[in-house]
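If you want the building blocks of each chain, they are given just below.
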Amino acid sequence: MASGGYLVDGEIDSQPECWLRAAELAREVAGVLPTRGERVAVAGCGTSWFMAMAYATLREAAGEGVTDAFPASEMPVGRVYDRVVVISRSGTTTEVLELLRRLKGTVPTVGITAVPAAPIAEVCDELVVLEFADEQSVVQTRFATTALALLRASLGADLAGAVADARAMLHADLGALPASEQITFLGKGWTVGLAHEAALKVREAAGLWSEAYPAMEYRHGPISIAEPGRATWMFGETPTGLAAEVAAAGADFLDSGQHDPMAHLVLAQRVAVAAAVKRELDPDNPRNLTRSIVLDDV
Ligand code: F1P
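Residues numbered from 1 in each chain as written. Predicted model: local features only at pLDDT ≥ 70, side-chain atom pairs only at ≥ 80, totals over all residues. Heavy atoms only, no water.

**Q** Before we go on, may I ask you to explain the pattern of salt bridges in this structure?
**A** For side chains of opposite charge, pairing can occur when their charged atoms come near one another. Tallying each qualifying case throughout the model produces 13 salt bridges. Where K104 meets D125, a salt bridge forms, and the shortest distance between an N and an O atom there is 3.4 Å. Of this pair, K104 sits in the loop between α4 (94-103) and β4 (109-113) while D125 is found in the loop between α5 (120-123) and β5 (126-129), placing the two residues 21 residues apart along the sequence. The class of K104 is partly exposed, set by a relative accessible area of 42%. Classification of D125 by relative accessible area gives partly exposed; the value is 40%. The network of salt bridges with shared partners includes E181, E227 and R230. (Salt bridge = Lys/Arg side-chain N within 4 Å of Asp/Glu carboxyl O. Helix = DSSP H or I, 4+ residues; strand = E, 2+ residues; numbered from the N terminus. Buried < 20%, exposed > 50% of the residue type's maximum accessible area, 1.4 Å probe, protein only.)

Encoded structure:
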């Protein structure tokens with residue numbers, strides 16, 4: 001259990017219950033989420049973009065239809081979709097609102113948010129509200145994974161294993177990970193988004209040097225920074241030979257093994273908080289960051 005007295009600790013701990021609620025909600029909102037065969041785009045900023053990436057790859061791999069993920073600020077103009085899904089905990093992020101305004105009337109849009117009365121409600125056609133997963137910490141943990149749990153359930157995934165694994169992750173030993181000088185996170189397929197999110201988490205919360213790549217890209221340069229005191233962390237199945245190469249470089253290596261990778265993200269969240277505390281930082285209030293990025297000059 002995370003129990004350092006920070007808001008994020010309780011938010012991390014509540015994820016298994018939030019995911020179960022999301023699975024129920026997925027059945028209730030099935031009519032507004034993408035259906036089989038639709039051409040779909042998913043967008044968000046920061047953590048929400050990384051959840052969009054994970055969902056897009058999962059949906060397409062499940063044969064549900066072409067699914068592209070974009071940072072809200074970079075969604076190309078002129079591409080034709082049957083539906084656009086936008087993820088935003090706050091429902092106030094400028095780039096997200098700008099995108100929805102641009103798309104209004106051209107394609108059905110659905111927003112996934114934690115705040116029912118947020119401005120996003122005015123600019124998207126349908127809203128799915130995960131109010132029970134809202135957070136007080138600036139750093140996102142449970143909203144992000146609950147949005148992904150909802151989307152996974154909408155693809156027919158049974159989340160029972162993920163919930164059980166997340167409960168185990170809440171008690172797992174963090175070992176020397178919070179003391180790492182640097183961590184590189186890797187993923188394959190849908191877990192690339194999780195790797196990016198894990199890296200963002202340790203950067204935001206702890207100011208720790210972190211990187212993220214598709215696993216097969218790791219040998220194409222990033223392995224150069226592996227050395228003792230640093231770690232490489234794989235979400236999903238490790239490509240053959242990679243663990244041995246990291247070990248030969250002297251860095252620590254771990255992977256999610258048989259655990260559900262989304263549950264393994266819970267462990268990375270805990271490492272982020274523990275690393276922040278170790279560095280005498282407040283994991284609830286990262287440097288230079290606010291709960292949502294609202295720009296007044298666009
Ligand atoms: C998106 C986001 C977060 C980030 C920070 C600033 O917020 O970029 O991912 O951690 O809190 O905002 P939202 O659109 O999901 O509210």
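Past the structure itself, the notes keep going.
**Q** Honestly, the packing of aromatic side chains in this entry has me stumped. Any pointers?
**A** The relative placement of two aromatic rings is captured by the distance of their centres and the angle of their planes. Counted according to the given criterion, the structure contains four aromatic pairs. Seen in terms of ring centroids, W233 and F235 are 5.9 Å apart; in terms of plane orientation they differ by 5°. Their pairing is stacked. Neither W233 nor F235 differs from the other in exposure class; each is buried. (Phe/Tyr/Trp six-rings, centres within 6.5 Å; stacked < 30°, edge-to-face > 60°.)

**Q** Where do I start with the environment of T141 in this structure?
**A** By the element assignment, T141 lies in the loop between β5 and α6 (142-154). For the pair T141 and D255, spaced 114 residues apart in the sequence, the C-alpha separation amounts to 20 Å. Non-local contacts of T141, meaning those with residues more than four positions away in its chain, are made with V8, E11, I12, Q15, E135, K201 and Q269. (Contact = heavy atoms within 4.5 Å.)

**Q** Explain the UniProt feature "domain: SIS" (unreviewed entry) in the chain here, please?
**A** Per the UniProt record, the feature "domain: SIS" (unreviewed entry) sits at residues 30-167. End C-alpha atoms of residues 30-167 are separated by 27 Å, and the span's content is 36% helix alongside 17% strand. (UniProt positions renumbered as here; feature names shortened; annotations may be inferred.)

**Q** Honestly, the nonpolar core in this entry has me stumped. Any pointers?
**A** If you look at soluble globular proteins, the nonpolar side chains tend to sit buried side by side. If you look at the biggest cluster of nonpolar residues, it comprises 75 residues, and the most contacted ones within it are W19, I112, L150, F185 and W233. Of all the elements, helix α10 (residues 261-278) adds the most residues to this core, at eleven residues. For this core, the two domains that each supply at least three residues are domain 1 (7-154) and domain 2 (172-278). Setting aside residues up to four positions removed in sequence, I112 forms contacts with L33, V85, V86, I87, S88, V128, L130, F143, A147, L150 and L151. By size, the runner-up hydrophobic cluster in this structure holds 18 residues, among which are Y81, V86, I120 and C124. (Core = buried A, V, L, I, M, F, W, Y, C linked by side-chain atoms within 4.5 Å. Domains from an automatic or database assignment.)

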